[in-house]
Amino acid sequence: MLKRLCNILLLVLFAYSTMCAQAHRDSTRVIDEVEVQGLAVKSDIKAGALSQSITSEEAEALGMQDISDAVRRMAGVTVKDYGGLGGMKTVSVRNMGAAHTAVSVDGVPVSNCQGGQIDLAQFSLWQTESITLSVGSSDDMLQTARTLGAAATLALKTKFPEWKNGRNWELEARVKGGSWGEVMPALRYGQKLSSRTSLMADVLVARSDGDYPYTVTYEPDKTFYRVNDDILQGRGNIQLRTLLKRDGHVDVTGHLSMQRQGLPGAVIRYRETAASERLWTRGGYVQVLYEQRYTPKWKLRATGKYTYDWQRYYDEGRQYRDGFAENDYTQQEAFVNATALWTPHRLLSVSLAQDAANTRLVSNLATCPDPMRWTLGTALTVRLENERWRLTASAVYTHVTESVEKGEAHEDYNHVSPSAELRYRLVKGKSVFLRAMYKNGYRVPTFNDLYYQRAVPSNLRPENAHQLSAGIAGALTSGRWQWQWQVDGYWNRVTDKLVAIPTSYVWQVRNYGETSLAGVDATLNVRMQVTRRIAAQLTGAYSWSRALDKTDEEVASYNGQLPYTPAHSGSVGLLVSNPWVNVGWSMVAVGDRWVLPENIDRNLVEGYTDHTLTLSHEFRLKSCSLDVTASMTNVFNTQYDIVRYYPMPSRAYHIQLSIKL
Amino acid sequence: MKKNLWLLACLIASMIFVSCGDDDDPVVPPSPEPEVDATMMYFINEGSWNVANSASFCSYNTKTNVASLLEEPTAKIGDTPQDMLIVGSKVYVACWGSKGLLIVDVAGEPTSRFVSLNEEVRYLAYKAPYLYISCYGGRILRYDTTNGDTRTLQTSGSNLEGVAILGDKLYACNSYSVDAAFNYTYLNTLITVDLNTFTEGEPITTVTNPNYIVALDGALYVVGFGNYGYAEPYEPYMLAKVDPVARTSTNMESASKLCVWNNKLLYAYSETDWTTYSTTTTFTLYNPASGRKASVSLDSKHLGNAIVYMMEEDPYSNDLYVGVTDNSNTGKIYRFSANTASLGSFSSEGINPSHAVFYKK
């Protein structure tokens, strides 16, 4: 696998050197460094629908431990977290299901053709510069057709040196330690190869025993300890960036990762100390992103990515003939995209995106037909914009065709997803916007949906999500105060839901289900510059959600709130920056939820609040800075589950030392 | 000493006072009428797949028609109970997920304890004084109900399901085997065990993927689940009659659940049409003496399109209890008299009501 990735990387570098040759001929102009203080008006405010973003710096200052920890504090988000460092973490936006959320890294989508859901545990907060969650199409007109076609997008941007220290190299070393054997050393090195070309490499290793204590409702006086929750992981990135003329750039990224972990599973009565499932993953990708404005009217972004993911699942039990099960899964995807942006007039922009992806799944599972899928996506986006109005309309056409090594392939899929957004600036020159959106998102059945344990593929239609949303967003500066807020109401309807349902004694995935989702999402970001060196920032998010099952009037769950969907949820964060010790406090509050469709007491999981406290200070020694951060998560030691019988960690302590040269 | 004498005198005086009291004295409340006729039904809700610990243990008073969860046993019931059986006043529940046996004594206020067996227990059969438990991995446990001693027999089978005892032999459904790569092989034998020696005998060939088995009138009736369409050719659910003496198996017709009712064999077949998402369930009564079968109309309005998950006979009244499920919502149990008349229904207070036992106080 490593050899294949290296070969691809070499090929890419060759093409890269050709592409960048022109860049060295361009002259550069260095401007004086200007420090800007205050809260810039985030592009979230200007989006046509709910958009939220956070930098890793902000997230870490508030004590957030990973990507999912940051995402779960956003409005309209339901994160399913099975607990622990390696526990699977998926994100569902506005209750449409995790498979409706596209995840992209540096503008290129991440795929999981096997199960459809992207596990956020595979990304590191330390390696990430910023996280942006968008329901609409965002400001970016150069997106891929795949991300445009998704109901929501979580965009991660990889951290890259900013060359603030005036040197042509940058080094950051960090070590983090925490409760239950958590150790996480990491190293990042950046080198300017020329005035326009830079290289960055980072590596991170993390391990944890994960044996945190918990209690269960059926035996509240006894303390148990999570077992088989250990994890060892390593991740590395290497990125080469060349700036081109006219704001263009080429990024080539190589990524490798490995992980070895236990799967603690749900807490089973009388078997609290037994769990035997293990998981090994290895993977990597090579990614190229090329962006260039050729003329004032034409701009192009092209991406290419090859991904390789291998996974081994192991379990023990007497039901297996040999006493154990061992399943290997290999996923590969080659993805290319080109998006052209044409701006014939200052009021009009048109973009056309074309994607092509080839995805394969190979497994040692006897019933796996080793499917291969071609996905072609075409997206046309038209935007009309003046000082007050902005109208964006797009249509995404997707064609999916499959073949299998064994058995019978599913018939082709063809789907058109339209969307439209309208944004209106309420007061000329002010950042206060009214906005409305319609968007159709859909998801094609995954390989698991279609072929798992099936001699003949299930005849499934794509799941369809229709979204209507309207709201107001604004930013206001008054003296020392800066305010940014968003309030959006929405109504979504998801039809042809893909759900696993029983056929007497076995389960099969069927298009069976319909949901009606309504709610309100609100965010607030307030900053006060108390003195020149002291500032306070308050962030808040709140969601009200009414997510109802509309499948069958005859069953008890009809019109009931969907499982794991709280009616109320929110978060608050307060960060006080000062010359002495920065203080961060954040809190997540989630209301009661039901674990099953029927809304009865027996299925109720109580709500919870989770508080995090962080203290940090940066010591500066000439051009070197030492950052010390201490944080306490789950301050009040609240015992709670996000997924029932997957207890979340109790109070934990983390300390982090970071040196930047 | 004086103090003790004084207490004794008081006690004697109080006894005289009580014994001389008027029986019609309105101050003394009448003692409650003992419920000598009440049969208690105890049943399990298997819980929902992939939702750990959602199982429950419930009771239903057949006289007052009140169903309730039993708090204490519920708090201690293991995960994914698979089968239950009553011996005297003790209810034994095989908990597959928790790998053990829940024992609930229902003679008085129910009390329970859990016996961890570290086996993937499935189904139960009893012949004094032993409880026989089929397990995955082809093992049969013999649990001595008098002292808790356990003996294990490793049979030639793979994953054993339903068990039945006929004469001195135990018959266990040998359903399937699965290798490390999840390559399923659906088997078609009944494992036989001589109960006198607790040794394995020759297996009997029967339907594919046998899961349920009952003994009636000298024969065995087995429901095989087929191959679920996971392989071709498709093999459907099938009921077979097995003659244990001649060692022959004869297919009868499609069935997915069975029980003995009024000394006859009642079997149900639930089939779902995936184009309309509708399930059709039919009930058939088979008379082993005459070899005749007849369809039975059991509240077709409610049961005609339900997935039948439980069928149990109350041996004291011959009433029939049919539990239905949709695997995610609270189940419902329908009650019928011996002549098929509907006697109402009640909530199962849990998901997937699967088995019941009856106890007359």
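Notes on the overall build of chain B
- The helix and strand inventory of chain B stands at 3 helices and 29 strands.
- Per-residue burial over chain B gives 55% buried out of 361 residues.
- Across chain B, the fraction of contacts at a sequence separation of at least 24, relative to all contacts at a separation of at least 6, is 43%.
- Carbon together with sulfur atoms contributes 52% to the accessible area of chain B, which is approximately 15800 Å² in total.

Notes on the overall build of chain A
- The helix and strand inventory of chain A stands at 6 helices and 37 strands.
- Over its C-alpha atoms chain A spans a radius of gyration of 25 Å, differing by no more than 12% from the 26 Å that the globule rule assigns to 661 residues.
- If you line up chain A on its principal axes, its C-alpha atoms span 70 × 55 × 55 Å.
- Across chain A, contacts joining residues at least 24 apart in sequence account for 64% of those joining residues at least 6 apart.
- A total of about 28200 Å² of accessible surface is found on chain A, and carbon and sulfur atoms cover 58% of it.
- Averaged over its 73 positive side-chain charges, chain A has a centre that lies 7 Å from the centre of its 67 negative ones.

What about the confidence of the model for chain B?
Residues and elements named next belong to chain B.
- Per-residue confidence for chain B averages 87 on the pLDDT scale, and 87% of its residues sit at or above 70.
- For the stretch residues 1-5, pLDDT sits under 50, and the model shows 0 contacts to residues farther than four places along the chain or on other chains.
- Segment residues 7-26 is flagged for pLDDT under 50; beyond a separation of four residues in sequence, or across chains, it makes 0 contacts in the model.
- Scoring of the predicted complex yields 0.86 for pTM and 0.82 for ipTM.

Topic: the pairing of strand S16 (residues 298-316) of chain A
Residues and elements named next belong to chain A.
- Of the pairings in the sheet, the one linking strand S15 (residues 277-293) to S16 comprises 16 bridges and is antiparallel in character. From the neighbouring strand, glycine 284 faces S16, where its bridge partner is tyrosine 308.
- The loop that links S15 with its antiparallel partner S16 comprises 4 residues.
- Examined bridge by bridge, S16 and strand S17 (residues 324-345) share 19 bridges and lie antiparallel to one another.

Some words on unusual backbone geometry
- The omega torsion of the bond from alanine 128 of chain B to proline 129 of chain B falls at 0°, within 30 degrees of zero and hence cis.
- Summarising the element assignment, proline 129 of chain B is placed in the loop between strand S8 (121-127) and strand S9 (130-135).
- A positive phi angle, close to 55°, is found at aspartate 370 of chain A, a residue other than glycine.
- Mapped onto the elements of the fold, aspartate 370 of chain A is located in the loop between strand S18 (348-363) and strand S19 (372-385).

A short note on the interface of chain B and chain A
- Between chain B and chain A, the contact holds 57 residues from the first and 44 residues from the second.
- For the pairing of chain B and chain A, the buried interface totals around 4500 Å² over both sides, and the portion due to carbon and sulfur atoms is 53%.
- The tally of links from chain B across to chain A stands at 1 salt bridge.
- Of the charged contacts, one joins arginine 318 of chain A and glutamate 119 of chain B as a salt bridge, the two residues approaching to 2.9 Å between their closest N and O atoms.
- Connecting chain B to chain A are 17 residue pairs in polar contact (both at pLDDT 80 or more).
- Of all the elements in the fold, those that place two or more residues in the side of chain B that touches chain A are helix H2 (71-76), strand S13 (169-178), strand S14 (184-194) and strand S25 (307-313) of chain B.

Details of the sheet that holds strand S26 (residues 320-325) of chain B
Residue and element names in this part refer to chain B.
- Within the open sheet, the 4 strands sit side by side as S25-S26-S27-S28. Their pairing is antiparallel. The open sheet terminates on both sides in strands that have one partner only, identified here as S25 and strand S28 (342-347). Between one strand axis and the next, the sheet turns by 20° as a mean value, whatever way the strands run.
- Strand direction decides the pairing type here: S26 and strand S27 (residues 332-336), joined by 5 bridges, are antiparallel. Within S27, the residue paired with tyrosine 321 across the bridge is arginine 335.

Looking at the confidence of the model for chain A
- Of the residues in chain A, 91% reach a pLDDT of 70 or more, and the chain-wide mean stands at 88.
- Predicted confidence for residues 22-37 of chain A stays below pLDDT 50, and this span has 17 contacts to residues more than four positions away or in other chains.

Looking at the sheet that holds strand S17 (residues 210-216) of chain B
Residues and elements named next belong to chain B.
- Overall, antiparallel pairing links the 4 strands, which are arranged S17-S18-S19-S20 in an open sheet. Looking at the sheet topology across the chains shown, the edges are occupied by S17 and strand S20 (248-251). Taken pair by pair, the neighbouring strands of this sheet meet at an average axis angle of 25°, ignoring direction.
- Note: S17 against strand S18 (residues 219-224), 6 bridges, orientation antiparallel. Considered in S18, the bridge of valine 214 is made with tyrosine 221.

Focus: the nonpolar core
- With 53 residues, the main nonpolar core has Ile140, Leu170, Val193, Tyr221, Leu239, Leu258 and Leu265 of chain B as its most contacted residues.
- Examining the composition of this core, we find that 4 residues originate from one element, S13 of chain B, more than from any other.
- Setting aside its immediate chain neighbours within four residues, valine 193 of chain B contacts Ile140, Leu153, Asp168, Lys169, Leu170, Phe198, Thr199, Glu200 and Gly201 of chain B.
- Residues Val91, Val110, Ile131 and Ala152 of chain A belong to the second largest nonpolar core, which totals 31 residues.

A closer look at a nonpolar patch on the surface
- Together, Leu538, Leu574, Trp580, Val581, Val583, Trp585, Leu613 and Leu615 of chain A make up an exposed nonpolar region whose accessible area comes to about 660 Å².
- Within the fold, tryptophan 580 of chain A resides in the loop between strand S29 (568-577) and strand S30 (582-590).

Considering the pattern of salt bridges
- Counted by the stated rule, this structure contains 33 salt bridges over all chains.
- Among the salt bridges present, the one from aspartate 69 of chain A reaches arginine 72 of chain A, with a minimum N-O distance of 3.1 Å.

Things to note about the packing of aromatic side chains
Residues and elements named next belong to chain A.
- Considering all chains together, one arrives at 30 aromatic pairs over all chains under this definition.
- Here the aromatic rings of phenylalanine 447 and tyrosine 451 are separated by 6.3 Å at their centres, their planes lie at 50°, and the arrangement is tilted. Remark: tyrosine 451 and phenylalanine 447 occur in helix H6 (residues 447-451); sequence separation between them is 4 residues, near one turn of the helix. A single burial state applies to phenylalanine 447 and to tyrosine 451, both of which are buried.

Describing the environment of valine 121 of chain B
All names here are of chain B.
- Relative to the elements of secondary structure, valine 121 occurs in strand S8.
- On the accessibility criterion, valine 121 (1% relative accessible area) is buried.
- Residues within four places of valine 121 in sequence aside, it is in contact with Gln82, Ala94, Cys95, Trp96, Gly100, Ile133, Ser134 and Cys135.

A few points about the side chain of serine 56 of chain A
- Summarising the element assignment, serine 56 of chain A is placed in helix H3 (residues 56-61).
- Those residues in contact with serine 56 of chain A that lie beyond four places of it in its chain are Leu125, Thr128, Glu129, Ser130 and Lys159 of chain A.

Comments concerning the pairing of S9 of chain B
Residue and element names in this part refer to chain B.
- The element S9 is extensively covered by neighbouring structure, given that 5 of its 6 residues are classed as buried.
- Both S8 and S9 contribute to a ladder of 5 bridges, which runs antiparallel. Its bridge partner lying in S9, leucine 124 is registered against isoleucine 133.
- Between S8 and S9, which follow one another and run antiparallel, lie 2 residues.

Criteria and cut-off values
- Here, residues in each chain are numbered from 1, in the same order as that chain's written sequence.
- For this description, chains carry letters from A and ligands carry numbers from 1, given in the order in which they are written.
- Reporting in this predicted model follows two pLDDT cut-offs: at least 70 for local features of residues, and 80 or more for side-chain atom pairs to be given and counted; totals over whole chains, interfaces and linings ignore these cut-offs and use all residues.
- No hydrogens and no water enter the side-chain calculation; it runs on all heavy atoms of the structure.
- For helices the rule is a DSSP run of H or I covering at least 4 residues; for strands it is a run of E covering at least 2, with both sets numbered from the N terminus onward.
- The buried label goes to any residue with under 20% of its type's maximum accessible area, the exposed label to any with over 50%, and the partly exposed label to all in between, with areas taken from a 1.4 Å probe on protein chains only.
- The criterion used for residue contact is that any of the two residues' heavy atoms lie within 4.5 Å.
- Only the protein chains shown count as cover for residues, and all accessible areas are computed by the Shrake-Rupley method using a 1.4 Å probe.
- The globule rule used here is 2.2 Å times the number of residues to the 0.38 power, and the radius of gyration it is set against is calculated over C-alpha atoms.
- Think of it this way: Lys and Arg go in the positive column, Asp and Glu in the negative one, and His and the chain ends go nowhere.
- A charge is said to be at NZ when it belongs to Lys, at CZ for Arg, at CG for Asp and at CD for Glu.
- For every residue, the predictor reports its confidence as pLDDT, a number between 0 and 100.
- Two strands form a pair only when DSSP identifies at least two bridges running between them.
- Each of two parts loses accessible area, computed with a 1.4 Å probe, when they are put together; buried area is these two losses added.
- One side-chain nitrogen of Lys or Arg within 4 Å of one carboxyl oxygen of Asp or Glu is enough to make a salt bridge.
- Any pair of nitrogen or oxygen atoms within 3.5 Å is treated as a polar contact; in protein, a donor-acceptor pairing is required on top of that, and neighbouring residues in sequence qualify only through side-chain atoms on both sides.
- To define axes, lines are fitted to C-alpha atoms, for helices over the stretch in contact only, and angles between the resulting N-to-C directions are given on a 0 to 180 degree scale.
- Buried Ala, Val, Leu, Ile, Met, Phe, Trp, Tyr and Cys residues form a nonpolar core when they are joined through side-chain atoms within 4.5 Å.
- Residues forming no salt bridge and having over 30% relative accessible area are the ones grouped into patches, like charges within 9 Å of each other and nonpolar side chains (Val, Leu, Ile, Met, Phe, Trp, Tyr) within 5 Å.
- Classification of ring pairs uses Phe, Tyr and Trp, with its six-membered ring standing for Trp, and accepts pairs whose centres are within 6.5 Å; under 30 degrees between planes counts as stacked, over 60 as edge-to-face, and the remaining range as tilted.

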